[in-house]
Amino acid sequence: MCLSLDSLDDDTLLGVFSALTVPDVLNLRQTCRRLLFFSSQQIVWQNIGSSQILQQGIPFSKKPLSSFSVRDLEERVRRAYHLGEAWKAPSITFRASSFAASRGGPIQDIHFIPGYDRRWLITVSQGIWSMITLWDRRNLARVTSWSPEKAVFSNLAVNTSEDCEATLAVSLHRYDSVVVEILAITSTVPDSPPGFECVARLNTLRQPIAMCGSLVALADDEAETIIWNWKTQEYAVLQSPVEADLWRNKCTQIVFAYKTILVVRARSVHAFAEPKLASHPNTCVHHPYAQSTFGWVDGIFVSNPPFSPKDPTRMEGQPLSIIVRTKNDDPWSSTFKIQLWTLSPMTSSHQTTVDGPYYNFPPSMTKEIVTPRRGALRCTDMVLGPYGTAVWVQPEDSSVAGLISSNVHLQNMPVPQSHETLVAAAFPGLLNTQGEPQVKSSWKNYGKNWTCLDYDEERGCVVLGSAAGAVTILDI
């Protein structure tokens, strides 16, 4: 007797669907009405999402699979499967779209907004005063803008938590004051466009560097970092050692790691045990349990480990990854390096106190990419995702034109052209099993110079702002 899939009971059919790839399921659902209906059930896509996405180390949302509607879950799983296949291929191809976000002025900063189905992004530009603009990346339309009168922004931090009330922390400079405002994206009237609303305020000269839930990390350009809970108004002071030969050690990133706060500055990385916050006046000053330096560098980015269903905290016992773009002191060198460093966790048997240490210092270099040295580096942003994929801008090659000027009056002499490129690479891991870093794409910029970028690893999307006020979105 010959059995057909249509004749199987639901439990057996569920087992069959769980063993199929996403393309197989999409093909199978076209064969009959019952399989179409069955393939549209929540349990089918939860099983596929667990076995083919989460367990395979493909970027996905930190939220439980059961929290999504069946339609949303299927769309996310299908997109994640496509993304995983793209990164595992020898090369990837971007789909590009662009729009004008500023009237001739440069885009100073650009960020994806977590949550909201990851459809929003913000740009920071400046005319007479600074302005934050919220955009819908689906139709490239402006949603709303926020520009306080007579204020200039010095820095901005985006909340990495998707479910928090507040979205941004912005440092505003006016002629008589400096203040950090906590902004939420709200809609006061149903079906009306959202807007920015200030939900908290702090008078401080320190700039917001990172935001995670209700915690905001603020820092100066020397040695002090403040961890502030904008809801409870409690805080803690972290004090790094002051380097005598440096008058400025700008803070570029603050990372909330496992029981540790990493403060990344231009010339140093300091690890502090997670402090206990207290109300004002809080006279307790916390000092780092470890520190390291990479010397003079053109860029550095620290990434937390990827989400694990077995460890919702994502971090206990997991190493941190650090990507570094070296600065070469040799003016005649034709190369520079992109290095991957690993900061390994400290085993419990080696922890001397409850206050740490939690990571083994110094970090160890694990991989390196040597790339041609190009011209002036205008966009220093680089992003390393939790799953080992990274993007950065490689400047145009000024040596292509040699000593030929682009303004030659005496004769009609063609000048060779070079363009800056966006580099997308995968470091060894579940998305790259080759054992060595692989450059997957180099996308040339034929427009004005890029000034900033952001990367959403979960969606496989890069967004770049330019000196001419244009925004380019690159989707895998």
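Our subject is the structure listed above.
Structural notes, computed from the coordinates. (Residues numbered from 1 in each chain as written. Predicted model: local features only at pLDDT ≥ 70, side-chain atom pairs only at ≥ 80, totals over all residues. Heavy atoms only, no water.)

### Points about the packing of aromatic side chains
Logical step 1: This structure, assessed with the given rule, holds eight aromatic pairs.
Logical step 2: Measuring from ring centre to ring centre gives 4.7 Å for Phe99 and Trp135, while their planes differ by 50 degrees; the resulting arrangement is tilted. On the criterion of sequence distance, the pair formed by Phe99 in strand β1 (residues 95-100) and Trp135 in strand β4 (residues 130-136) is long-range, its members being 36 residues apart.
Logical step 3: Residue classification places Phe99 among the buried positions, given a relative accessible area of 12%. (Phe/Tyr/Trp six-rings, centres within 6.5 Å; stacked < 30°, edge-to-face > 60°. Helix = DSSP H or I, 4+ residues; strand = E, 2+ residues; numbered from the N terminus. Buried < 20%, exposed > 50% of the residue type's maximum accessible area, 1.4 Å probe, protein only.)

### Side note on the sheet that holds strand β3 (residues 120-126)
Logical step 1: Pairing within the open sheet is antiparallel, and its four strands lie in the order β2-β3-β4-β5. Whereas interior strands pair on both sides, the edge strands pair on one side only; in this sheet they are β2 (107-112) and β5 (141-146). Mean inter-strand twist for the sheet, computed between neighbouring axes without regard to direction, equals 25 degrees.
Logical step 2: Pairing of β4 with β5, which is carried by five bridges, proceeds in the antiparallel orientation. Residue Leu134 lies in a different strand from β5, and its bridge partner there is Thr144. (Pairing = 2+ DSSP bridges. Axes fitted to C-alpha atoms, helices over the stretch in contact; angles between N-to-C directions.)

### Brief notes about the pairing of strand β12 (residues 224-229)
Logical step 1: The element β12 is extensively covered by neighbouring structure, given that six of its six residues are classed as buried.
Logical step 2: Every second residue of β12 is oriented toward a common face, with Glu224, Ile226 and Trp228 on one face and Thr225, Ile227 and Asn229 on the other, all of them buried.
Logical step 3: Pairing geometry for strand β11 (residues 215-219) and β12, over five bridges, is antiparallel. When the sheet's bridge partners are listed, Ala217 is paired in β12 with Ile227.
Logical step 4: Between β11 and β12, which pair antiparallel one after the other, the connecting turn spans four residues.
Logical step 5: Note: β12 against strand β13 (residues 235-239), five bridges, orientation antiparallel. Among the inter-strand pairings, Ile227 is bridged to a residue of β13, identified as Ala236.

Note that all results are geometric; they support no functional claim without further evidence.
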